[in-house]
Amino acid sequence: SQQGEEDPQALSIQEGENATMNCSYKTSINNLQWYRQNSGRGLVHLILIRSNEREKHSGRLRVTLDTSKKSSSLLITASRAADTASYFCATDPSSTLGRLYFGRGTQLTVWP
Amino acid sequence: GAGVSQSPSNKVTEKGKDVELRCDPISGHTALYWYRQSLGQGLEFLIYFQGNSAPDKSGLPSDRFSAERTGGSVSTLTIQRTQQEDSAVYLCAVGGLSSGELFFGEGSRLTVL
């Protein structure tokens with residue numbers, strides 16, 4: 001499968017703590033993206049990192065990409081209760097026209 | 001979200017009935033995707049449109065599933081003779097080529113009794 005696989009499946013932390021989620025994939029990629037999904041809603045794009053980039057920041061989000069290990073991590077710093085959601089990584093393989101392959105997601109719960 | 005409207009938001013149907021799910025994106029997005037998300041699962045790719053044509057329909061699970069797109073805009077996903085295993089949230093998304101990111105609708109939740 002070309003899908004990204006997130007780890008852990010579930011993560012529970014206190015407000016103010018950092019949350020780290022990992023994603024592994026199997027094939028070469030153009031880019032890797034992270035999405036957020038609140039319960040019962042659609043997915044919202046968070047950040048995109050290209051295959052020639054190693055790290056990217058957006059507000060409290062930090063994404064790293066290691067193409068040699070075929071892995072990525074998403075760090076949310078100083079988490080808030082409102083960050084509670086499912087987080088998905090999605091890979092854009094070099095061989096396809098924009099189709100993204102999604103993992104099963106990490107369910108993040110941030111307790112106030 | 002981001003100008004992708006899906007309808008109905010919720011649909012309950014009886015096994016064996018046909019259903020139509022609609023995706024109405026804002027104009028300007030040539031690429032349109034349908035994904036399916038079963039309870040607690042990731043997203044399963046169904047079909048991709050470039051304009052009105054579907055170069056990749058490899059994810060359609062059976063010949064009961066079909067989709068079309070007209071005017072490079074509205075898309076309809078049709079499921080014939082629905083089965084209980086078709087119960088899921090069907091998500092439509094646009095974008096994906098020049099920008100790389102997808103903009104998703106809120107989804108249509110289908111329940112087959």
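See above for the structure.
What counts and how
Once a new chain begins, its residue numbering starts again from 1 and follows that chain's sequence as written. As they are written, the chains are lettered A onward and the ligands numbered 1 onward, keeping that order. In keeping with the predicted nature of the model, local features appear solely for residues at pLDDT of at least 70, side-chain atom pairs appear and are counted solely at 80 or more, and the whole-chain, interface and lining totals rest on all residues. Side-chain measures were taken over the full set of non-hydrogen atoms in the model, leaving aside hydrogen atoms and water. Put simply, DSSP H or I for four residues or longer makes a helix, DSSP E for two residues or longer makes a strand, and each gets a number counted from the N terminus. Note that the radius of gyration is over C-alpha atoms, with the globule rule given as 2.2 Å times the number of residues to the power 0.38. Only protein chains enter the accessibility calculation, which uses a 1.4 Å probe. A residue is then buried if its area is under 20% of the maximum for its type, exposed if over 50%, and partly exposed in between. Note on contacts: a residue pair qualifies if any of its non-hydrogen atoms lie within 4.5 Å across the two residues. Each accessible area is a Shrake-Rupley estimate made with a 1.4 Å probe; only the visible protein chains count as cover when residues are assessed. Charge counting treats Lys and Arg as positive and Asp and Glu as negative, with His and both chain ends excluded. Charge placement uses NZ in Lys and CZ in Arg. For Asp and Glu, CG and CD serve respectively. Summed over both partners, buried area is the accessible surface (1.4 Å probe) that two parts give up on being assembled. We define a salt bridge as a contact between a side-chain nitrogen of Lys or Arg and a carboxyl oxygen of Asp or Glu at a distance within 4 Å. Definition of a polar contact: a pair of N or O atoms within 3.5 Å, with one able to donate and the other able to accept a hydrogen when the atoms are protein atoms, and with sequence-neighbouring residues admitted only if both atoms are side-chain atoms. When DSSP finds at least two bridges between two strands, those strands are taken to pair. A fitted line through C-alpha atoms represents every axis, and for helices the fit uses only the stretch in contact; the resulting angles, taken between N-to-C directions, go from 0 to 180 degrees.

Colleague: How do you make sense of the overall build of chain B when you look at a structure like this?
Modeller: When you go through chain B residue by residue, the secondary structure sums to zero helices and 11 strands. In chain B, the order of α-helices and β-strands from amino to carboxyl end is β-β-β-β-β-β-β-β-β-β-β. The C-alpha atoms of chain B give 13 Å as radius of gyration, which agrees with the globular expectation for 113 residues (13 Å, within 12%). Principal-axis analysis of the C-alpha atoms gives chain B an extent of 40 × 25 × 20 Å. Sorting the 113 residues of chain B into buried and exposed places 47% on the buried side. Put simply, of all contacts in chain B between residues at least 6 apart along the chain, 53% involve residues at least 24 apart. With the model as given, the accessible surface of chain B reaches about 5100 Å², and the carbon-plus-sulfur share is 46%. Put simply, chain B has 10 plus and 12 minus side-chain charges, and the middle of one group is 4 Å from the middle of the other.

Colleague: What is the right way to look at the interface of chain B and chain A in this model?
Modeller: When the parts of a complex come together, some accessible area is lost, and that lost area is often used as the size of the interface. Counting from both sides, the interface comprises 21 residues of chain B and, opposite them, 19 residues of chain A. Between chain B and chain A the total buried area reaches about 1600 Å² when both faces are included, carbon and sulfur atoms providing 48% of it. On the chain B side of the contact with chain A, Leu43, Phe104 and Glu106 of chain B bury the most area, a combined 27% of that side's loss. Notably, a salt bridge pairs Arg41 of chain A with Glu106 of chain B, separated by 2.4 Å at the nearest N-O pair. For the pair chain B and chain A, the interface holds six residue pairs in polar contact (both at pLDDT 80 or more).

Colleague: Explain the pairing of strand 7 (residues 65–69) of chain B to me, please; I cannot follow it from the model alone.
Modeller: Residues and elements named next belong to chain B. By the bridge criterion, five bridges tie strand 7 to strand 8 (residues 75–79) in an arrangement that is antiparallel. Opposite Phe65, over in strand 8, you have Ile79 as the bridge partner. From the end of strand 7 to the start of strand 8, which pair antiparallel, there are five residues, and Gly71 there has a positive phi angle of about 60°.

Colleague: Is there a simple way to think about the sheet that holds strand 3 (residues 19–25) of chain B in this case?
Modeller: The strands making up a sheet associate through backbone hydrogen bonding, with each pair oriented either parallel or antiparallel. Residues and elements named next belong to chain B. In spatial order, the strands read 1-3-8-7; together these four strands make up an open sheet with antiparallel pairing. Single-partner strands in this sheet number two, and they are strand 1 (4–7) and strand 7. Across the sheet, the mean angle from the axis of one strand to that of its neighbour is 15°, orientation sign disregarded.

Colleague: Could you clarify how one ought to interpret the side chain of Glu6 of chain A in this entry?
Modeller: Residue and element names in this part refer to chain A. Along the chain, Glu6 turns up in strand 1 (residues 5–7). Put simply, Glu6 is tucked away with no salt bridge, and the nearest opposite charge, on Arg104, sits 7.5 Å away. Within the local environment of Glu6, its side chain forms a polar contact with the backbone nitrogen of Cys89, the two atoms lying 2.7 Å apart. Here the side chain of Glu6 touches Gly105 through a polar contact of 2.8 Å, landing on its backbone nitrogen. Beyond its immediate stretch of four places on either side in the chain, Glu6 contacts Asn22, Cys23, Trp34, Tyr87, Phe88, Cys89, Gly103, Arg104, Gly105 and Thr106.

Colleague: Looking at this structure, how should I read the pairing of strand 11 (residues 108–112) of chain B?
Modeller: Regular strands place side chains that alternate from one sheet face to the opposite one. Residues and elements named next belong to chain B. Of the two faces of strand 11, the one lined by Ser108, Leu110 and Val112 is fully buried and the one lined by Arg109 and Thr111 carries no buried residue. Sheet topology places strand 2 (residues 10–13) next to strand 11; four bridges connect them, and they run parallel. Along strand 11, the bridge assignment pairs Asn10 with Arg109. Inspection of the sheet shows strand 9 (residues 88–95) paired to strand 11 by three bridges, in the antiparallel sense. Paired with Tyr90 across the bridge in strand 11 is Ser108.

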